[in-house]
Amino acid sequence: KNEVEQSPQNLTAQEGEFITINCSYSVGISALHWLQQHPGGGIVSLFMLSSGKKKHGRLIATINIQEKHSSLHITASHPRDSAVYICAAETSGSRLTFGEGTQLTVNP
Amino acid sequence: DGGITQSPKYLFRKEGQNVTLSCEQNLNHDAMYWYRQDPGQGLRLIYYSQIVNDFQKGDIAEGYSVSREKKESFPLTVTSAQKNPTAFYLCASSNVISGANVLTFGAGSRLTVL
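Residues numbered from 1 in each chain as written. Chains lettered and ligands numbered in written order. Predicted model: local features only at pLDDT ≥ 70, side-chain atom pairs only at ≥ 80, totals over all residues. Heavy atoms only, no water.

1. Some points on the state of the cysteines
Reasoning step 1: If you walk through the whole model with that rule in mind, you get two disulfides over all chains.
Reasoning step 2: The disulfide partner of Cys23 of chain A is Cys87 of chain A, and the gap between their sulfur atoms is 2.0 Å. Between Cys23 of chain A and Cys87 of chain A, the S-S dihedral sits near 70 degrees, and the bridge is therefore right-handed. In this pair, Cys23 of chain A sits in strand S3 (residues 19-25) while Cys87 of chain A sits in strand S9 (residues 83-90), placing the two residues 64 residues apart along the sequence.
Reasoning step 3: Owing to a relative accessible area of 0%, Cys87 of chain A belongs among the buried residues under this scheme.
Reasoning step 4: Across the disulfide from Cys23 of chain B sits Cys91 of chain B; the S-S distance is 1.9 Å. Where Cys23 of chain B bonds to Cys91 of chain B through sulfur, the torsion about that S-S bond is close to -70 degrees, and the disulfide is left-handed. With Cys23 of chain B in strand S3 (residues 19-25) and Cys91 of chain B in strand S9 (residues 87-97), this pair connects stretches of sequence that are 68 residues apart. No difference in accessibility class separates Cys23 of chain B from Cys91 of chain B, as the two residues are buried. (Disulfide = S-S within 2.5 Å. Helix = DSSP H or I, 4+ residues; strand = E, 2+ residues; numbered from the N terminus. Buried < 20%, exposed > 50% of the residue type's maximum accessible area, 1.4 Å probe, protein only.)

What follows is the structure, given as structure tokens:
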């Protein structure tokens, strides 16, 4: 069993739909990162959170430390949101353990 | 603009050859990392460095080497000892700002061994 598991692996949505990507982890963490990887391969950091909830535009990230679970939500999804979304658990010494990623495709 | 520059973006190499991937950052970040990404797998840590002239092995260091002679630079050499080097390689850097670990990634280098 991976230390960081994401679901679903693949997600297809219609433009405008509300999207949720889930991340469960089994290690003790100092923070949880959500990253976005576009087809070219470059990765952008979306959120880093250690408790509660963060919002940036149409993106919302939540974390439940007791349940070792985090979610990334996208409201009013758009085709430009199509990408791979990766969660990563940060442990001591700033080490990151990555999930396998969720491939999101938003159709017009 | 501050950021991380990786080069080359694409690289082809024959079996038995060493190849060096460049990673330069102008963010003044202390820590730098090299990750490998394979299809269907999460990123895996190859090497990391938290300070100049010091670096540590990650989870899959065999067949790789690094140096950290300058704060801005963290080159990765893929040696002929790496049995399956074809992969996408990502460099990252981080700094702790106001208690938060700010992470920045490069655009990646795709290595293909022929």
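2. Structural notes on a nonpolar patch on the surface
Reasoning step 1: Taken together, the side chains of Tyr10, Phe12 and Leu114 of chain B define a hydrophobic patch exposed on the protein surface, amounting to about 400 Å² of accessible area.
Reasoning step 2: Topologically, Leu114 of chain B is positioned in the segment after strand S11 (109-113). (Patch = residues over 30% accessible without salt bridge, like charges linked within 9 Å, V, L, I, M, F, W, Y side chains within 5 Å. Areas by Shrake-Rupley, 256 points an atom, 1.4 Å probe, with all protein chains shown as cover. Salt bridge = Lys/Arg side-chain N within 4 Å of Asp/Glu carboxyl O.)

3. Focus: the pairing of S3 of chain B
All names here are of chain B.
Reasoning step 1: Residues Val19, Leu21, Cys23 and Gln25 of S3 are buried on one face, while the alternating residues Thr20, Ser22 and Glu24, pointing to the opposite face, are not.
Reasoning step 2: In this structure, S3 lies alongside strand S8 (residues 76-78), joined through three bridges in antiparallel fashion. Counterpart to Thr20 in the pairing with S8 is Thr77. (Pairing = 2+ DSSP bridges.)

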